[in-house]
Amino acid sequence: GEEVAQTPKHLVRGEGQKAKLYCAPIKGHSYVFWYQQVLKNEFKFLISFQNENVFDETGMPKERFSAKCLPNSPCSLEIQATKLEDSAVYFCASSHPERVWQGAKEAFFGQGTRLTVV
Amino acid sequence: AQSVTQPDIHITVSEGASLELRCNYSYGATPYLFWYVQSPGQGLQLLLKYFSGDTLVQGIKGFEAEFKRSQSSFNLRKPSVHWSDAAEYFCAVVVSGNTPLVFGKGTRLSVIA
């Protein structure tokens, strides 16, 4: 597709429930990034993928969070046993491999998934 | 590690007035610089970017930004603000390769009549 598609737009989970978010990158983009926006301001990088391989997971909480990008499927971010503090907007972004290789990166963002943990 | 500072948390301007939003970055070399806008409940829209070359870059919606290496700044400007410009503005940098974007904490712009 021509845009990064994130689903669902809104997700409400009770504390302790599982949450799963999806991201379909722009066709031809092989880099995918997940960010968490809390308090309406701060963006925290979570994880990036190069195709289906984890590229950088330095921002990923060690517990409860996992992510995958499998061939021919949307990428996913899963939170096991959600906590109140996981309430945030989760953004996915994708970028073109050539541009990344050249050191110049323009990331295209999806509309985000607003996760509310109650 | 690189960082981005947006000194102004909230700015209010009158419709038709000029606007400047400040952004300073901390990094040893010149990073790639971006300005994004986020309207309430919306995703991030890229306004403009600087990679190299002319230090004054033009973006969408009448915005421009000037890269000043000596000041490590990349301030966003608009000569005449419209009410629809009310939003949150984020400055971001990426240094090279496959590093993730580093965002500032944003500046909220309010526009009054």
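Preceding this paragraph is the structure being described.
Small disclaimer: the values here were computed from a predicted structure and weren't measured.

## Describing unusual backbone geometry
Here comes step 1: With an omega dihedral of -10 degrees, the bond running from Thr 7 of chain A to Pro 8 of chain A counts as a cis peptide bond.
Here comes step 2: One can find Pro 8 of chain A in the loop between strand 1 (5-7) and strand 2 (10-13).
Here comes step 3: You will see that Lys 61 of chain B, though not glycine, has its phi angle at about 60 degrees, which is positive.
Here comes step 4: Along the polypeptide, Lys 61 of chain B turns up in the loop between strand 7 (56-58) and strand 8 (64-68).

## Section: the side chain of Ser 73 of chain B
All names here are of chain B.
Here comes step 1: Position of Ser 73 among the secondary structure elements: in strand 9 (residues 73-78).
Here comes step 2: In this structure Ser 73 comes out as buried when scored by relative accessible area, which is 3%.
Here comes step 3: Excluding residues that lie within four positions of it along the chain, Ser 73 makes contacts with Cys 23, Asn 24, Tyr 25, Glu 66, Phe 67 and Lys 68.

## Brief notes about the packing of aromatic side chains
Here comes step 1: In the structure shown here, the tally under the stated rule is 19 aromatic pairs over all chains.
Here comes step 2: With centroids separated by 5.8 Å and ring planes inclined at 90 degrees, the aromatic side chains of Tyr 35 of chain A and Phe 103 of chain B adopt a geometry described as edge-to-face. In this pair, Tyr 35 of chain A is assigned in strand 4 (residues 31-38) and Phe 103 of chain B in strand 11 (residues 102-103), connecting two distinct chains. Phe 103 of chain B matches Tyr 35 of chain A in its accessibility class, with the two residues each being buried.
Here comes step 3: Arranged with centres 5.6 Å apart and planes meeting at 45 degrees, the rings of Phe 63 of chain B and Tyr 89 of chain B form a pair that is tilted. In this pair, Phe 63 of chain B sits in the loop between strand 7 and strand 8 while Tyr 89 of chain B sits in strand 10 (residues 87-94), placing the two residues 26 residues apart along the sequence.
Here comes step 4: Judged by its relative accessible area of 0%, Phe 63 of chain B is buried.
Here comes step 5: Since its relative accessible area comes to 1%, Tyr 89 of chain B is described here as buried.

## Regarding the pairing of strand 8 of chain B
Residues and elements named next belong to chain B.
Here comes step 1: Direction of pairing for strand 7 relative to strand 8: antiparallel, over a ladder of 3 bridges. For Gln 58, the partnering residue across the bridge sits in strand 8 and is Glu 64.
Here comes step 2: Where strand 7 folds back onto strand 8 in an antiparallel hairpin, the turn is made up of 5 residues, including Lys 61, whose phi is positive at roughly 60 degrees.
Here comes step 3: Sheet analysis places strand 8 next to strand 9, joined by 5 bridges and oriented antiparallel. Looking across to strand 9, one finds that Phe 67 is bridged to Phe 74.
Here comes step 4: In textbook terms, the turn of a hairpin is the stretch between consecutive antiparallel strands, and for strand 8 and strand 9 this stretch comprises 4 residues, one of which, Ser 72, has a positive phi near 50 degrees.

## With respect to the sheet that holds strand 7 (residues 65-68) of chain A
Residues and elements named next belong to chain A.
Here comes step 1: Reading across from one edge, 1-3-8-7 is the order of the 4 strands in this open sheet, with antiparallel pairing throughout. Looking at which strands have only one partner, the edges of the open sheet turn out to be strand 1 and strand 7. Going across the sheet, the axis of each strand differs from the next one's by a mean of 15 degrees, ignoring polarity.
Here comes step 2: Strand direction decides the pairing type here: strand 7 and strand 8 (residues 75-79), joined by 4 bridges, are antiparallel. Counted as the bridge partner of Ser 66 is Glu 78 from strand 8.

## Overview of the pattern of salt bridges
Residues and elements named next belong to chain A.
Here comes step 1: Taken as a whole and judged by the stated rule, the model has 8 salt bridges over all chains.
Here comes step 2: Between Lys 20 and Glu 78 there is a salt bridge whose closest N-O contact spans 3.6 Å. With Lys 20 in strand 3 (residues 19-24) and Glu 78 in strand 8, this residue pair connects regions lying 58 residues apart in the sequence.
Here comes step 3: Lys 20 sits in the partly exposed class, given a relative accessible area of 32%.

About the criteria used
Residues numbered from 1 in each chain as written. Chains lettered and ligands numbered in written order. Predicted model: local features only at pLDDT ≥ 70, side-chain atom pairs only at ≥ 80, totals over all residues. Heavy atoms only, no water. Helix = DSSP H or I, 4+ residues; strand = E, 2+ residues; numbered from the N terminus. Buried < 20%, exposed > 50% of the residue type's maximum accessible area, 1.4 Å probe, protein only. Contact = heavy atoms within 4.5 Å. Phe/Tyr/Trp six-rings, centres within 6.5 Å; stacked < 30°, edge-to-face > 60°. Pairing = 2+ DSSP bridges. Axes fitted to C-alpha atoms, helices over the stretch in contact; angles between N-to-C directions. Salt bridge = Lys/Arg side-chain N within 4 Å of Asp/Glu carboxyl O.

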